[in-house]
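Understanding the architecture of this molecule
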Amino acid sequence: MKIIYTDSLVVGAGLAGLRVAIASKERGLDTIVLSLIPAKRSHSVAAQGGMQASLANTVSGMGDNEDVHFQDTVKGSDWGCDQNVARMFTHCAPKAVRELAHWGVPWSRVSQGDREVIVNAQKVTLTEAKEAHGLINARDFGGTQKWRTCYTADGTGHSLLYAVDNRAISMGIPVHERMEALKIIHDGKRCHGVIARCLITGEIRAYVAKSTTIATGGYGRIYEVSTNAIICEGIGQALALETGVATLGNMEAVQFHPTAIVPVGILTTEGCRGDGGVLRDKDGYRFMPDYEPDKKELASRDVVSRRMTEHMRKGKGVNSPYGPHLWLDITLLGQKHIDTNLREVKEICQHFLGIDPVTEWIPVRPTQHYSMGGIRTKPNGESPQLSGLFSVGEAACWDMHGFNRLGGNSLAEAVVGGMIIGQYVADFCEHTSLNIDTQLIESFGQQIDAEINQLIDGNGTEKAITLKQEMQKIMMDYVGIFRNGAQLDQAVKALSELLMRSHNIGLTCKKRHANPELVDALRVKRMLKVALTVACGANARTESRGAHSREDYPERNDRDWLNRTLSSWPDENALLPTLTYEAIDVMGMELPPGYRGYGINNAIAHPDTQKRQQQIEQILTELNNPSDRHAKQAALMPYELPDQFKPANQRLFDNVDVKGDTAK
Ligand SMILES: Cc1cc2nc3c(=O)[nH]c(=O)nc-3n(C[C@H](O)[C@H](O)[C@H](O)COP(=O)(O)OP(=O)(O)OC[C@H]3O[C@@H](n4cnc5c(N)ncnc54)[C@H](O)[C@@H]3O)c2cc1C
């Protein structure tokens, strides 16, 4: 087995992984990136709508800053996030957007003067300031108080990934494509790299490194219908899980996006609603204002997806051969707007539905979209259990999203998280040395060899693709938008049986090199373990928080459940994960639990909430300069950041007293 040594190993060439690799390389470290596919085809490229950062250039973003973005993120998470991390993130997001502009991202820009937009289905004129002309623009997205989502039409992920990958190429960072990481090399305390398999030749290689960063994206494809690319199968999470040491956080927190097209599940961006599109039922009636009078279509995604499902359950969905759906109406935005700002959506509608969204409504239904759960890390991105193992982006539970992430906060997490964690990874590499017994490396390589030999030479009778499809259906039917104990019990039982059956997989094609059947066989067992962490976590969490919605426990229960689920895998033969819980300390919160401002207001309070609220009031009254928001925040909840990111962000209208909504 070939052994390749490096300082900083990054598994995953999406936005998050590449950004960490750039940070390592900038610090002079030898850096290698592994990817299933060419970097520019990573799933980040599919992101449409935009990236949140509180630049406050546009008139509807005036008054925005880190504090407002922080509040939106914490409320969006249904108080499930790590508020320290949300602070690190919101502070650095404007810096990341400007850095990306410097690297060539053609952000949509503000044009001074009047422009007509659609707000709440009405034409409204916005007047952009002369001073803002040419600065980075922002659009409205769900769950935010300000227009904060920076965008390049509806191809934001494409622009970002191309710019970041081009930057990585210009720095000479090697991406080893078609290399699939299958096992983490570790000694129970320290991570030493991965064993990977070349998808073309079948060669098994060891990559041994000072730091190993898992940036493999989400696990959406454990579901039957998902907006995710087909490679988003959760193998990164499985890598960590199979160490038996590293934990996964909040795996039950799975987001359903309100507007994927029916039946195939391709996304139409939240930008459609952000720009003024509305949802209609079978009668053409705009129903969201009845459910959410304040935010309407722009409540956060978990809320809108549930409201849509409720409405369809009342018989208001449009019947189709593929089940009921609702309509997304963007006709009111007009051809020019759609052609310039939503052109990918238009093409998707034309190519996959044969309709023109300029004149016709789009059939949509909530569909699996995002993984809030992932490899649990500390705020510096490192696993609390395995030193040298880092994780970032959708693969990780860093945890800035809690139980629901806001639209536009994920691209931002990938680049901002990559920017910050990249520095911690580089620090780690600079202060550590490679010291590993080569026998340990060989033993992990032999485990993968043995697994492949068993599949090829054994006489198993199960088909990997069948097990995968059964798993995907179980997840869709029983671990979806609305969950209940009876169905979750069924899901756990059925998934465990599938896991048992996966030990008896056999192959029709016995080739060791490029062999999709072998790839599926290696993955499905891992995917099933990931699926079990989701189903078991959901079954155990007897409350509703963010995207985790229990019909039998409809309240958010801060008293008993203000915590993070940690899953680990006890041993190779186990059929269920072990769950433990990490408390979220209310007394350390800058923003104690409260009402989100949308959705149902039914939380059972945590006993410390009132105490912390009083403590905050006390701290604020004792401040010398209560109008200095940086001093205020530092007094309430100081947080760590690498030095270069600490300076305050500057905004065009910093010294202007902004009152209320400036739309006229
Ligand atoms: C259709 C769609 C639209 C979206 N639009 C938006 C948006 O407008 N705004 C927003 O904020 N978010 C959006 N998101 C979410 C956002 O795009 C993703 O969360 C984000 O891009 C994930 O980036 P990442 O770097 O973590 O992972 P990815 O971009 O998924 O990259 C994962 C990488 O890991 C590699 N990999 C995976 N497994 C292995 C393995 N075992 N071995 C080696 N390599 C491996 C892959 O090859 C890939 O390079 C959207 C998501 C979807 C599905």
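Residues numbered from 1 in each chain as written. Predicted model: local features only at pLDDT ≥ 70, side-chain atom pairs only at ≥ 80, totals over all residues. Heavy atoms only, no water.

Before going further, it helps to spend a moment on the site of the ligand. Near the ligand, the surroundings consist of 38 residues, among which Ser42, Ser44, Glu394, Ser410 and Leu411 are the closest. In this structure, Gly50 approaches the ligand through a main-chain N or O atom, which is 2.7 Å from a nitrogen atom. Residue Gly408 places a main-chain N or O atom 3.5 Å away from an oxygen atom belonging to the ligand. Taking 1,000 Å² as the accessible area of the ligand by itself, protein coverage stands at 98%. Taken together, the elements giving at least two residues each to the shell around the ligand come down to α1 (15-26), β2 (31-35), β8 (179-186), β15 (362-371) and α11 (409-430). Of the residues assigned to the shell around the ligand, the class counts are 17 nonpolar, 18 polar and three charged. (Near = heavy atom within 4 Å. Polar contact = N/O pair within 3.5 Å; in protein donor to acceptor, adjacent residues only side chain to side chain. Areas by Shrake-Rupley, 256 points an atom, 1.4 Å probe, with all protein chains shown as cover. Helix = DSSP H or I, 4+ residues; strand = E, 2+ residues; numbered from the N terminus. Nonpolar A, V, L, I, M, F, W, Y, C, P; charged D, E, K, R; others polar.)

The next subject is the pattern of salt bridges. Within the structure shown, the criterion is met by 57 salt bridges. Put simply, Asp275 and Arg139 hold a salt bridge, and the shortest N to O gap is 3.0 Å. Note that Asp275 is positioned in the loop between α6 (271-274) and β13 (278-280) and Arg139 in the loop between β5 (122-128) and β6 (149-150), a separation of 136 residues in sequence. On the basis of relative accessible area, Asp275 is assigned to the buried category, the value being 10%. Here Glu551 makes a salt bridge to Arg313, at a shortest N to O gap of 2.8 Å. Of this pair, Glu551 sits in the loop between β20 (549-550) and α16 (558-561) while Arg313 sits in helix α8 (residues 301-316), and the two are 238 residues apart along the sequence. When salt bridges with common partners are traced through the structure, they connect Asp78, Glu252, Asp302, Arg306, Arg541, Glu543, Arg545, Arg556, Asp558 and Arg596 into a single cluster. (Salt bridge = Lys/Arg side-chain N within 4 Å of Asp/Glu carboxyl O. Buried < 20%, exposed > 50% of the residue type's maximum accessible area, 1.4 Å probe, protein only.)

Looking now at the sheet that holds β13. Pairing is antiparallel in the open sheet, where four strands are placed in the order β12-β15-β14-β13. Edge strands, defined here as strands with exactly one partner in the open sheet, are β12 (254-261) and β13. On average, adjacent strands in this sheet sit at an angle of 45 degrees to one another, irrespective of strand direction. With three bridges connecting them, strand β14 (residues 326-329) and β15 associate as antiparallel partners. Its bridge partner lying in β15, Leu328 is registered against Ile362. Strands in contact with helix α10 (residues 343-353) are β12 and β15; relative to β15, the strand with the most contacts, it is inclined by about 110 degrees. (Pairing = 2+ DSSP bridges. Axes fitted to C-alpha atoms, helices over the stretch in contact; angles between N-to-C directions. Contact = heavy atoms within 4.5 Å.)

Take the UniProt feature "domain: FAD-dependent oxidoreductase 2 FAD-binding" (unreviewed entry) in the protein next. Per the UniProt record, "domain: FAD-dependent oxidoreductase 2 FAD-binding" (unreviewed entry) is found at residues 7-411. Across residues 7-411, the secondary structure splits into 27% helix and 23% strand, with the terminal C-alpha atoms separated by 26 Å. (UniProt positions renumbered as here; feature names shortened; annotations may be inferred.)

Glancing now at the packing of aromatic side chains. One pass over the structure, following the stated rule, counts five aromatic pairs. Geometrically, the ring pair formed by Phe390 and Phe428 is edge-to-face, given 5.6 Å between the ring centres and 75 degrees between the ring planes. Taken together, the residues Phe390 in strand β17 (residues 389-391) and Phe428 in helix α11 connect sequence positions 38 residues apart. As far as the burial class goes, Phe390 and Phe428 line up, both buried. Between Trp561 and Tyr581 the ring centres are 5.3 Å apart and the planes differ by 80 degrees, which places this aromatic pair in the edge-to-face class. Of this pair, Trp561 sits in helix α16 while Tyr581 sits in strand β22 (residues 578-583), and the two are 20 residues apart along the sequence. Relative accessible area serves as the criterion here: at 12%, Trp561 is assigned to the buried category. In this structure, Lys40 packs its charged tip against the face of Tyr162, placed 5.3 Å from the ring centre. (Phe/Tyr/Trp six-rings, centres within 6.5 Å; stacked < 30°, edge-to-face > 60°. Lys NZ or Arg CZ within 6 Å of the ring centre and 35° of its normal.)

With that out of the way, let us pick up the sheet that holds strand β11 (residues 248-249). Pairing is mixed across the open sheet formed by five strands, whose spatial order is β18-β16-β11-β21-β22. The sheet terminates laterally at β18 (396-397) and β22, the two strands that pair on one side only. In this structure, strand β16 (residues 374-376) lies alongside β18, joined through two bridges in parallel fashion. Looking across to β18, one finds that Arg376 is bridged to Cys397. Strands in contact with helix α15 (residues 516-540) are β11, β21 (563-568) and β22; relative to β22, the strand with the most contacts, it is inclined by about 60 degrees.

What follows is about the pairing of strand β1 (residues 2-11). Burial analysis of β1 places seven of its ten residues in the buried class, which makes it a mostly covered element. Both β1 and strand β10 (residues 204-214) contribute to a ladder of nine bridges, which runs parallel. Residue pairing across strands places Thr6 opposite Ala209, the latter belonging to β10. Strand direction decides the pairing type here: β1 and β2, joined by four bridges, are parallel. Residue pairing for β2: Val10 is matched across the bridge by Val33. In the classification by handedness, the crossover that spans β1, the intervening α1 and the parallel β2 is right-handed. (Right-handed = clockwise from strand over helix to strand, strands pointing away.)

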